[in-house]
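Below are the chains, spelled out letter by letter.
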Amino acid sequence: MPVRSFKIIKSGSIPFDAFEPVDSRAMALKNLSGIGCGSTVTYIESDARILVDTGFDFENTLTDDNVKANKKRLTHALKAHGLKPSDIDILFITHWHLDHFGNVKMFKDSTIMTSEAAVSRVKIDVTGVKDGEQIADGVKVVHTPGHTADHASVVFKTDRLRQSIQTSAGGRIVGIGEVTVAAAGDAILTPAFYATDSIWTQNKDFSSQDAAAASIGKLVDQADYIIPGHGDLFRNVKKPQA
């Protein structure tokens, strides 16, 4: 069964997009301007209510004030969509970088899931998920190593997309068919990384250029739309046509 709905709860940002050189001065300037580089947070509603990643901003500033500010930001973002942390049945973490999991303690009532490859090194109680395993109706996990050795993405189907059409006889709502969406995590960082076939290699635990390229290929082959790890939903124009 396709999922009932999905929403981007919080759109992530990034310090350096695909067209920018990595520069510590630019990073400092972006932080001063309020760009915190947290991950995108996606909500998926099926027979379970799922949140993908937790969007922790300013990950290099682990002060009490920043932890509290991040909790407040995510609480408000959830509230804007009629949600609170206790509503989430499953919290799926694509990979264990702080900008993706830093608010995890907010979800004490949720089942925390991640790729089975990550379980042995994660020091909290999490459930490992196999490649291709379905975690809810219409929602499966796809292992996408490369950015880290144990990275995973979430792929789901929905037929609930609707478009308002204005006609001479008035407005009407029509469906635009079933689509497959990938919440890619950092397998695909931003639309610009996708468009330029770029791969972020700057993290210390970067695993493999070849694995990262293969993981991107997996998602491009499956998804009609992609939610990147640090940005908004975009159409996958590279998907092979049937």
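Described in the following lines is the structure provided in the data block. (Residues numbered from 1 in each chain as written. Predicted model: local features only at pLDDT ≥ 70, side-chain atom pairs only at ≥ 80, totals over all residues. Heavy atoms only, no water.)

Ordered by their spatial adjacency, six strands build an open sheet running β1-β2-β3-β4-β5-β6, and the pairing between neighbours is mixed. Sheet topology places β1 (5-10) and β6 (127-129) at the edges, where each strand pairs with a single neighbour. In this sheet, adjacent strand axes meet at a mean angle of 25° when their direction is disregarded. Here β1 pairs with strand β2 (residues 41-45) via five bridges, running antiparallel. Bridge assignment links Ser5 to a residue of β2, and that residue is Glu45. Strands in contact with helix α2 (residues 64-79) are β1, β2 and β3 (49-52); relative to β1, the strand with the most contacts, it is inclined by about 145°. (Pairing = 2+ DSSP bridges. Helix = DSSP H or I, 4+ residues; strand = E, 2+ residues; numbered from the N terminus. Axes fitted to C-alpha atoms, helices over the stretch in contact; angles between N-to-C directions. Contact = heavy atoms within 4.5 Å.)

Moving on, we come to the packing of aromatic side chains. Within this structure, the stated rule accounts for four aromatic pairs. Between Trp96 and Phe101, the ring centres sit 5.1 Å apart and the planes meet at 45°, which makes this aromatic pair tilted. Their ring planes at 65° and their centres at 6.4 Å tell us that Phe193 and Trp200 sit as a pair that is edge-to-face. Like Phe193, the residue Trp200 is buried in the burial classification. (Phe/Tyr/Trp six-rings, centres within 6.5 Å; stacked < 30°, edge-to-face > 60°. Buried < 20%, exposed > 50% of the residue type's maximum accessible area, 1.4 Å probe, protein only.)

Evaluated as defined, the whole model comprises 12 salt bridges. For Glu45, the salt bridge is made with Arg4, and the minimal N-O distance between the two is 3.6 Å. Linking Glu45 in strand β2 with Arg4 in the segment before β1, this pair joins segments that are 41 residues apart in sequence. On the basis of relative accessible area, Glu45 is assigned to the partly exposed category, the value being 25%. The salt bridge involving Lys10 is made with Asp57; its shortest N-O contact spans 3.0 Å. (Salt bridge = Lys/Arg side-chain N within 4 Å of Asp/Glu carboxyl O.)

What follows deals with the sheet that holds strand β9 (residues 152-158). Strand order in the open sheet formed by six strands is β7-β8-β9-β12-β13-β14, and the pairing between neighbours is mixed. Each edge of the open sheet is held by one strand with a lone partner, namely β7 (134-136) and β14 (234-235). Bridge analysis of β9 against strand β12 (residues 179-185) gives five bridges, and the strand direction is antiparallel. Bridging from a neighbouring strand, Lys157 pairs with Thr180 of β12. Helix α5 (residues 209-222) rests against β8 (139-143), β9 and β12 of the sheet, and its axis sits at about 150° to β8.

For the rest of this paragraph, the subject is the pairing of β2. Counting buried residues in β2 gives four out of five residues, a clear majority hidden from the surface. Bridge count for β2 against β3 is four bridges, and the pairing is antiparallel. Counterpart to Glu45 in the pairing with β3 is Arg49.

Attention shifts here to unusual backbone geometry. A negative phi angle is the norm for most residues apart from glycine, just as the trans form is the norm for most peptide bonds. The backbone of Cys37 sits at a positive phi, close to 65°, despite the residue not being glycine. Along the chain, Cys37 falls in the loop between α1 (24-32) and β2. In the Ramachandran plot, Asp197 falls in the positive-phi region, its phi being about 55° despite a non-glycine side chain.

Assignment of secondary structure puts Lys238 in the segment after β14. Judged by relative accessible area, which is 32%, Lys238 ranks as partly exposed. It is 35 Å that separates the C-alpha atoms of Lys238 and His76, two residues lying 162 residues apart in sequence. When near neighbours in sequence (up to four residues on either side) are disregarded, Lys238 contacts Tyr194, Ala195, Asp197 and Val220. Only 2.4 Å separates the side chain of Lys238 from the backbone oxygen of Tyr194, close enough to count as a polar contact. A polar side-chain atom of Lys238 sits 2.7 Å from a polar atom in the side chain of Asp197. (Polar contact = N/O pair within 3.5 Å; in protein donor to acceptor, adjacent residues only side chain to side chain.)

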